[in-house]
Amino acid sequence: MLLAVETSSLVSSVALLHDNILRAELTIQAKLTHSEQLMPHIADMLEKASVQKQDIDSIAVSVGPGSFTGLRIGLATAKGLSFAWKVPIIGIETPVSMAWNFVGAAARICVLVDAQKGNVYASVYEWSQGELHVIMPVCIMPLTKILDILEQQGKRIVFCGDGITVGHQKIQEGCPLFSIAPPTMVIPRAGSLAMAALVRLKNNDIDDCMTLTPSYKRRSEAEVLWEKKHGEQLCL
Amino acid sequence: MYTLALETSCDETSAAVIQNGRIILSNIISTQVPIHRKFGGVVPEIASRQHIEYVMPVIQEALDTAQVDLQEIDHIGVTYGPGLVGALLVGVAAAKALSFALDKPLVGVNHMEGHIFANFLSHPELEPPFLALVVSGGHTQLVQIKDYNTFSLLGQTRDDAAGEAFDKIARVMGYPYPGGPQIDQLAKTGDPEAIIFPKALHEKNNFEFSFSGLKSAVLNYLHTEEQRGNRYNVNNVAASFQKTVVETLVEKTMDAAAYCHAEKIAVAGGVSANSALAEAMETICAEQGYAFYRPEPVLCTDNGAMIGCRAYYMALEGHFADLTLNARPSLAITSY
């Protein structure tokens, strides 16, 4: 049984997947803190789904990009569980897990994660012949820029991720090829994360709980300012 | 009984295994000081990033060094405040996961209480009651330790912590972070009577501290001298400033000791590693008949061992946390 943990945004989502059956998924958007919620959610879900701790044989975690603090709570929790239970851990990039909300979709999927100050972490995916293809890997750019790029490509696009809230109107009014995913698919969900992780697990492509870190895609502001001030590259 | 303890409140990622509360089987500290030095102080986001990278390796190393299996651990202690929220959250989340996964009780530890309890690790014979002076980069407090779980806060700083003033003054004089040890070193060859700096809240039985006025006075002195084109003597500035801090700390501690009829006095926290403070406290305690305690240097800085010691005494009385435990950046000293 695979346990999946998703805390990269305001959504708290945990799921259990076993033999292609989604045994349980608990997804809550109530603006509560991940720190207080996450472990109780996992404990509640196991109890309600009648799953024993020792039945869990792998752990998937959403590694970002997203809220730095949210990612660290998810990773610290998942790494702690993986270490204590001695089970494999798999870190999945959040946008990839979100593309799994749309398995088999005809349209391309554009995941927009809020990167603050009008910017988004944007990435584009496409399903073809039962496989997920990366059309554009995660880049940070202004929302308007990614919309321009996609409009020029002339393909049907479905948007998801918390980055759409800033540009909701722009997307809807922008281009007839654009649409916004419904509320059930617009958010990161642990069930989809589990599906994405399963592919890697089957290939024995696993991570190490000692070394797995968030995929921030952005350095801290202090590092950027330091380099600006000193005119040289900073090595930490 | 084995305690596994985690500490990630500021710029050290640490894990320790403690036996029966007092014996350190391992105390692994991964320090970030060289990283934050580049920025002249702790950068919270960078600290959090370092913690998530090192938290599992330090736990593994703590268990390996102690030669204790994770399954043999009786309870898990973790610092949940005070400290940097993003940094605390890493330790808290990891500890909760271990506690849940292994069905081992979780103990949420106050970082400042941990500093005080470092004295139990360095001094096996020490027992409460005693008076503790806690001095660090973020705190300056006088705490009465009545027993292992009953404390009374006699007073604390109204503004800057003593360690904060050390760091700031060292930085303005051009010395790298952390400034405390630099000032300590410079002061050794300076004249402590060279410059008179002001002391605040001087009245008897006032156990509150204030170091912002002193800090401003030293900074003003430095700026004025610079503007006049004078080259000031860094050793004399360091010695005069340090003397003012140490005298204030010693006076108030002695005052508090008399007030609460203490027989033993302990210092704790990063600034307790300061040699002038230790010397002054030792001398006056010897003169006035108090037993004086100070943790060994490695236990003065942030470390998992002290958190483990505190967690053990909480666990003995059943003070456990549940899975909703959250980081509390401005947690106060608590009694049970």
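Conventions used here
Residues numbered from 1 in each chain as written. Chains lettered and ligands numbered in written order. Predicted model: local features only at pLDDT ≥ 70, side-chain atom pairs only at ≥ 80, totals over all residues. UniProt positions renumbered as here; feature names shortened; annotations may be inferred. Contact = placed C-beta atoms within 7 Å. Helix = DSSP H or I, 4+ residues; strand = E, 2+ residues; numbered from the N terminus. Nonpolar A, V, L, I, M, F, W, Y, C, P; charged D, E, K, R; others polar. Buried ≥ 20, exposed ≤ 12 C-beta atoms within 10 Å, placed from the backbone. Pairing = 2+ DSSP bridges. Axes fitted to C-alpha atoms, helices over the stretch in contact; angles between N-to-C directions.

Going by the annotation in an unreviewed UniProt entry, the name recorded for chain B is tRNA N6-adenosine threonylcarbamoyltransferase, with Megasphaera cerevisiae DSM 20462 given as the source organism. For the record of chain B, the UniProt heading Subcellular location (unreviewed entry) holds the text "Cytoplasm". Within the UniProt record for chain B, the comment given under Sequence similarities (unreviewed entry) is "Belongs to the KAE1 / TsaD family."

In the nomenclature of an unreviewed UniProt entry, chain A corresponds to Universal bacterial protein YeaZ from the organism Megasphaera cerevisiae DSM 20462.

Digging into the interface of chain A and chain B
As a measure of interface size, the accessible area lost when the parts come together is often cited. Taken together, the contact pairs 28 residues of chain A with 30 residues of chain B. Counting only elements with at least two residues in the side of chain A that touches chain B, the list comes to helix H1 (34-48), helix H2 (68-85) and helix H7 (221-230) of chain A. Examining the composition of the side of chain A that touches chain B, we find that 13 residues originate from one element, H2(A), more than from any other. Of the residues contributing to the side of chain A that touches chain B, the split by class is 17 nonpolar, seven polar and four charged.

Let's talk about the environment of Glu61(B)
Residues and elements named next belong to chain B. By the element assignment, Glu61 lies in helix H2 (residues 44-66). Its 15 C-beta neighbours within 10 Å are what place Glu61 among the partly exposed residues. Between the C-alpha atom of Glu61 and that of Asn27, which follows or precedes it by 34 residues, the distance is 9.1 Å.

A short note on the sheet that holds strand E6 (residues 130-135) of chain B
All names here are of chain B. Taken in spatial order, the five strands of this open sheet run E8-E7-E6-E9-E10, and their pairing is mixed. Both edges of this open sheet fall to strand E8 (150-156) and strand E10 (291-293), since each of them pairs with a single strand only. The average angle at which neighbouring strand axes cross in this sheet is 20 degrees, direction not considered. Against the sheet, helix H4 (residues 111-122) makes contact with E6, strand E7 (140-147), strand E9 (264-268) and E10, and its axis sits at roughly 125 degrees relative to E9, the strand it touches most.

A word on the pairing of E7(B)
All names here are of chain B. Among the eight residues in E7, six count as buried, and that is most of the element. Sheet analysis places E6 next to E7, joined by six bridges and oriented antiparallel. When the sheet's bridge partners are listed, Val135 is paired in E7 with Thr140. Counted along the chain from E6 to the antiparallel partner E7, the turn is four residues long.

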